[in-house]
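One-letter residues, chain by chain:
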Amino acid sequence: MAGSKEITKVEKDLIIWLDAYGIASTTIWGICNMLKTDEEMKELISFSLDIPEEMYWNNPSEAEEQILAKALQITQNRKIE
């Protein structure tokens, strides 16, 4: 399909992980569009693993906010080519 991108294994892992912890699908889709490389996605996966599981269940909006903030930080730290 024109305009679509191939989903890598790392991106698929990120999607499955965030979905399993209740992150909204629109947020997941936005994050996947923000992050350009597998390395960026791995960095976000690693960060999301450090968030206590209780936060995902008891305060999902806080967990989602932290993940979005980290994704933004990753995009801001890209080297300008």
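Right, let's walk through the structure included here. (Residues numbered from 1 in each chain as written. Predicted model: local features only at pLDDT ≥ 70, side-chain atom pairs only at ≥ 80, totals over all residues. Heavy atoms only, no water.)

Below, the discussion takes up the environment of Met 41. Tracing the sequence through the fold places Met 41 in helix α3 (residues 38-50). When the C-alpha positions of Met 41 and Lys 5 are compared, they lie 15 Å apart, and in sequence the two are 36 residues distant. Contact partners of Met 41, with chain neighbours within four places excluded, come to Val 10, Glu 11, Leu 14, Cys 32 and Leu 35. (Helix = DSSP H or I, 4+ residues; strand = E, 2+ residues; numbered from the N terminus. Contact = heavy atoms within 4.5 Å.)

Summed over the entire model, instances satisfying the criterion amount to three salt bridges. The closest approach of N and O atoms between Asp 13 and Lys 9, which form a salt bridge, is 3.0 Å. On the criterion of helical spacing, the pair formed by Asp 13 and Lys 9 is a turn pair, its members being four residues apart in helix α1 (residues 9-20). A relative accessible area of 33% means that Asp 13 is categorised as partly exposed. Here Glu 43 makes a salt bridge to Lys 70, at a shortest N to O gap of 3.5 Å. Separated by 27 residues along the polypeptide, Glu 43 in helix α3 and Lys 70 in helix α5 (residues 60-76) bring together distant segments of the chain. Assessed through its relative accessible area of 36%, Glu 43 is described here as partly exposed. (Salt bridge = Lys/Arg side-chain N within 4 Å of Asp/Glu carboxyl O. Buried < 20%, exposed > 50% of the residue type's maximum accessible area, 1.4 Å probe, protein only.)

Further remarks concern the nonpolar core. If you look at the biggest cluster of nonpolar residues, it comprises 18 residues, and the most contacted ones within it are Leu 14, Leu 18, Ile 31, Leu 35, Leu 44, Tyr 56 and Ile 67. At the level of elements, α1, α2 (25-34), α3 and α5 are the ones that each hand at least two residues to this core. The residues touching Ile 31, leaving out its near neighbours within four places in the chain, are Leu 14, Leu 18, Leu 44, Ile 67, Leu 68 and Ala 71. (Core = buried A, V, L, I, M, F, W, Y, C linked by side-chain atoms within 4.5 Å.)

Next up on the list: the packing of aromatic side chains. For the coordinates displayed, the defined rule picks out three aromatic pairs. Geometrically, the ring pair formed by Tyr 21 and Tyr 56 is tilted, given 4.6 Å between the ring centres and 40° between the ring planes. Within this pair, whereas Tyr 21 is found in the loop between α1 and α2, its partner Tyr 56 is found in helix α4 (residues 53-58), the two being separated by 35 residues in sequence. On the basis of relative accessible area, Tyr 21 is assigned to the buried category, the value being 14%. With a relative accessible area of 3%, Tyr 56 lands in the buried category. In textbook terms, an aromatic cluster arises when at least three aromatic residues are bridged by ring pairs, as seen for Trp 17, Tyr 21, Tyr 56 and Trp 57. (Phe/Tyr/Trp six-rings, centres within 6.5 Å; stacked < 30°, edge-to-face > 60°.)

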